Amino acid sequence: MILKATGLCKNYGSKQILKDVNITINKGDIYGLVGRNGAGKTTIMRIMTGLQVPTKGNIEYGYERGRLGTTGALVELPSIYANKSAEENIKFQYLNLGLKFDDSIKELLTLVGLENTGNKKAGKFSLGMRQRLGIAIAMVGDPEVLVLDEPINGLDPQGIIEVRDLLIKLNREKGITIVISSHILSELSKLATRFGFIEDGKMIRECTSYDIEHAGEKLMIIKSSNVQEFNALLNANGFKSELISNPDKVTIHGEVDIIDIAMIAKNAGIKITDLRTVETDLEEFYVDVVGGMNHG
Amino acid sequence: MVELLKFEFYRLYKSKLSWIILGVMALLPVLAVVALSLIVLYVSRGQDFEIEAEQSRFLTWLFISYFYKWVPMVLALFIPLFVGRDYRDGFIRNKLTAGHTRMQIFGAAVISKATYAAALCIAYITTGLIASFISPFGADINGGEMLVRAFSLMLSVIATSVLFTVLALIIKNRAVPVILSVLFVMSFGVASTLATTFAYDHAMINDYERIRDKKIDKMGYDPDEMELDKDKFFNFGWYIGHPIFVMTNAGMQDEFITGTTSIMILNAESLQYSDEIPRHPFNSLVTTLVTQEMNFLDEKDLKKVDGAYVSVGTVELQYNIKSVLWTAVYFGAGYALFRKKNVF
């Protein structure tokens, strides 16, 4: 466990933003916070990073929180001086953490693709460049935990891929635990290993990416040369298959061994031209979880 | 805390505006010395120019003490804009997420701006002294006593800089602390006159009455017929002005800084660098009009009145204590508000 929050509540006046939220984040997780606008994701992130104090509840840290730089954060907007260059902004973060200036400043700029920005002021950067600078600042000092609120906002497709690859690399190579929120669920599903679903200030579900993938029934869709004969053969061999027309395909429900399917086709002289499996995706899962909550 | 102090000083070091202000503050006394030298050269029309020691001392003080009028105004503009950028650009969030406490963030901001304020004062004093030394007037710092007096003014400027920093830290909108700070500095002159007009207290007026009656008696008048109406001294204005004088260092400007107009009089007596500061209302035309009290005592008599004149050393001590106390009040109250402040 690197962070465990229990019974977190946050009130703004009479308005209750967080209602008894429990979260457990393990070391090495890429933890995706999923929820609609105003659900309480940013408030949770602010509390995790020390920007806000919870009205009630407790947070345990599995690392030395008091040591400078153990938490890197990009919460809401990138926190950068608009009248300074990218390099100067990184230098300020080095000073903030009590680090000495060295070559790692240039390396960090190269890592986020801002090495050629020279003396250009950050205020003149595009939104994507500002996001990347914000991520670079969050990464200064190799933090134990990176808390990133909508880090791919404003990034172009190439930028999104680069940031995704960068975060995966940081997680795998440096063991940095990442807490991330994004409205782009398809992106989040490619990154996160664990998820927390927040709705109306409540944590309604915590699960792993495996849980999501296996939440619904798996479906295998096969295109073949003789679909009717193939479907009959599959049924005869005990598979729950059915025929879908236009274009003609065979679908098999449930967990199956692809080699068994291939052997049946080969023995019958049937040629498989396409085969793919369909799993439950994050979007579907989110709709199920939140929908269930709303109708519960 | 050390990290944050390094951060704040590096930010000041990298700020072009902070260097420009420092340069301007260092240049202002030089310009004053040059301007006065040119006037004197023009007036003397090439004749030998001699200056008395008293005049030299007075002019030296005039050249170095005016930082008290300039520095607070530039700080009122600079500090809120500089500190406010931390809110506007959000870098203050990086300090919190890094793991610094609010006390450390608050303390580093206050210490760095107070140091910058001191640097501006020192720059002004230093170049003022150098320019004065080179000029035909010469520099006379009264055996170093003048620097102690300048230090008292500097302490007051530092207290003011702490107030400006605190305002910028507790008010997120950058414009509001600028307006409040500028208004604060603009009120210096009025506050100083108000405070020093009512610097006297009951004991001083009682002692004045005793010595006044003695003199009236000596002059052959009946003191009972010319009874002093004390109520007119302790009227509504006194109840406002006196607490301001006692509790704040608002009176410094009137008590320490000589107006530039006195230089136009150009006689040695008026250009005195005094070692005592008057705290009586009897030379004031306004007081005479309000109280109808005739000025029976001359300066020599008034010096016998307890509390009518106070030594510069005592005045310095009083103001220094008030500057330190107000610094503590600004810091404490400011932190109490900043501690709970929403910083995003």
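Residues numbered from 1 in each chain as written. Chains lettered and ligands numbered in written order. Predicted model: local features only at pLDDT ≥ 70, side-chain atom pairs only at ≥ 80, totals over all residues. Heavy atoms only, no water.

Some details on the sheet that holds strand β6 (residues 145-149) of chain A
Residue and element names in this part refer to chain A.
- Taking strand neighbours across the sheet as the criterion, the six strands line up as β5-β6-β7-β3-β8-β9 in an open arrangement whose pairing is mixed. The sheet is open, and its two edges are formed by β5 (71-74) and β9 (202-208), each paired on a single side. Within this sheet the neighbouring strands show an average axis-to-axis angle of 15°, counted without direction.
- As judged from the four bridges shared by strand β3 (residues 30-34) and strand β7 (residues 177-181), these two strands associate in the parallel manner. By the bridge assignment, Tyr31 is partnered in β7 with Val179. (Pairing = 2+ DSSP bridges. Helix = DSSP H or I, 4+ residues; strand = E, 2+ residues; numbered from the N terminus. Axes fitted to C-alpha atoms, helices over the stretch in contact; angles between N-to-C directions.)

Some points on the packing of aromatic side chains
- Tallying each qualifying case throughout the model produces 29 aromatic pairs over all chains.
- With centroids separated by 6.5 Å and ring planes inclined at 40°, the aromatic side chains of A:Tyr81 and B:Phe7 adopt a geometry described as tilted. One end of the pair, A:Tyr81, is in the loop between β5 and α2 (86-96); the other, B:Phe7, is in helix α1 (residues 2-14), on a second chain.
- On the accessibility criterion, A:Tyr81 (1% relative accessible area) is buried.
- According to the relative accessible area criterion, B:Phe7 is buried, its value standing at 0%.
- Geometrically, the ring pair formed by A:Phe101 and B:Tyr10 is edge-to-face, given 5.7 Å between the ring centres and 70° between the ring planes. Taken as a pair, A:Phe101 in the loop between α2 and α3 (104-111) and B:Tyr10 in helix α1 lie in two separate chains rather than in one.
- What makes A:Phe101 partly exposed here is its relative accessible area of 36%.
- Among the aromatic residues, those joined into a ring-pair cluster are A:Tyr81, A:Phe92, A:Phe101, B:Phe7, B:Tyr10, B:Tyr13, B:Trp19 and B:Phe91.
- A cation over an aromatic ring shows up here: A:Lys91 above the ring of A:Phe101, its NZ or CZ 5.3 Å from the ring centre.
- A cation over an aromatic ring shows up here: B:Arg11 above the ring of B:Phe82, its NZ or CZ 3.9 Å from the ring centre. (Phe/Tyr/Trp six-rings, centres within 6.5 Å; stacked < 30°, edge-to-face > 60°. Buried < 20%, exposed > 50% of the residue type's maximum accessible area, 1.4 Å probe, protein only. Lys NZ or Arg CZ within 6 Å of the ring centre and 35° of its normal.)

Comments concerning the domain arrangement of chain B
Residues and elements named next belong to chain B.
- Taken domain by domain, chain B holds domain 1 (2-187 + 313-339) and domain 2 (196-311).
- The distance between the C-alpha centroids of domain 1 and domain 2 comes to 31 Å.
- Across the boundary between the two partners, domain 1 contributes 29 residues, which contact 27 residues of domain 2.
- Taken together, both faces of the contact between domain 1 and domain 2 bury some 2,600 Å²; the carbon and sulfur share is 62%.
- Ranking the residues of domain 1 by area buried against domain 2 places Phe58, Arg149 and Tyr319 at the top, with a combined share of 27%.
- Inspection of the region where domain 1 meets domain 2 yields zero salt bridges.
- For the pair domain 1 and domain 2, the number of links is 12 residue pairs in polar contact (both at pLDDT 80 or more).
- Contributing elements (two or more residues each) for the side of domain 1 that touches domain 2: α3 (53-65), α4 (67-88), α7 (145-170) and α16 (312-339).
- Top contributing element to the side of domain 1 that touches domain 2 by residue count: α16, with nine residues.
- When grouped by side-chain class, the residues that make up the side of domain 1 that touches domain 2 number 12 nonpolar, nine polar and eight charged. (Domains from an automatic or database assignment. Contact = heavy atoms within 4.5 Å. Buried area = accessible area lost by both parts, 1.4 Å probe. Salt bridge = Lys/Arg side-chain N within 4 Å of Asp/Glu carboxyl O. Polar contact = N/O pair within 3.5 Å; in protein donor to acceptor, adjacent residues only side chain to side chain. Nonpolar A, V, L, I, M, F, W, Y, C, P; charged D, E, K, R; others polar.)

Describing a negative patch on the surface
Residues and elements named next belong to chain B.
- Taken together, Asp217, Asp222, Asp224, Glu225, Glu227, Asp229 and Asp231 make up a surface patch of like negative charges.
- Its place among the elements puts Asp229 in the loop between α10 (202-218) and α11 (230-233).
- According to the relative accessible area criterion, Asp229 is partly exposed, its value standing at 35%. (Patch = residues over 30% accessible without salt bridge, like charges linked within 9 Å, V, L, I, M, F, W, Y side chains within 5 Å. Areas by Shrake-Rupley, 256 points an atom, 1.4 Å probe, with all protein chains shown as cover. Lys, Arg positive; Asp, Glu negative; His and termini not counted. Charge placed at Lys NZ, Arg CZ, Asp CG, Glu CD.)

Some points on the confidence of the model for chain B
- This prediction gives chain B a mean pLDDT of 86; 95% of its residues lie at or above 70.
- Across the whole predicted complex the pTM is 0.79, and at the interface the ipTM reaches 0.76. (pLDDT = per-residue confidence, 0-100.)

Quick word on the sheet that holds strand β2 (residues 15-25) of chain A
All names here are of chain A.
- One open sheet holds the three strands; their spatial order is β2-β1-β4, and the pairing between them is antiparallel. A strand with exactly one partner marks an edge of an open sheet, and here the two such strands are β2 and β4 (56-61). Across the sheet, the mean angle separating the axes of adjacent strands is 20° when strand polarity is ignored.
- Where strand β1 (residues 3-12) and β4 come together, five bridges link them in antiparallel fashion. The residue of β4 that forms the bridge with Cys9 is Lys56.
- Across the sheet, helix α1 (residues 41-48) lies against β1, β2 and β4, angled at about 60° from β2, the strand it touches most.

Observations concerning the packing of helix α6 (residues 102-134) of chain B against α7(B)
Residues and elements named next belong to chain B.
- Packing of α6 against α7 brings their axes to within 8 Å, and their N-to-C directions diverge by 145°. Where α6 crosses over α7, the handedness of that crossing is right-handed. Contacts between α6 and α7 pair Phe106, Ala109, Val110, Lys113, Ala114, Ala117, Ala118, Cys121, Ile122, Ile125 and Leu129 from the former with Leu147, Ala150, Met154, Val157, Ile158, Ser161, Val162, Thr165, Val166 and Leu169 from the latter.
- Class assignment for the residues of the contact of α6 with α7 results in 18 nonpolar, two polar and one charged. (Left-handed = near helix turned anticlockwise from the far one by under 90°.)

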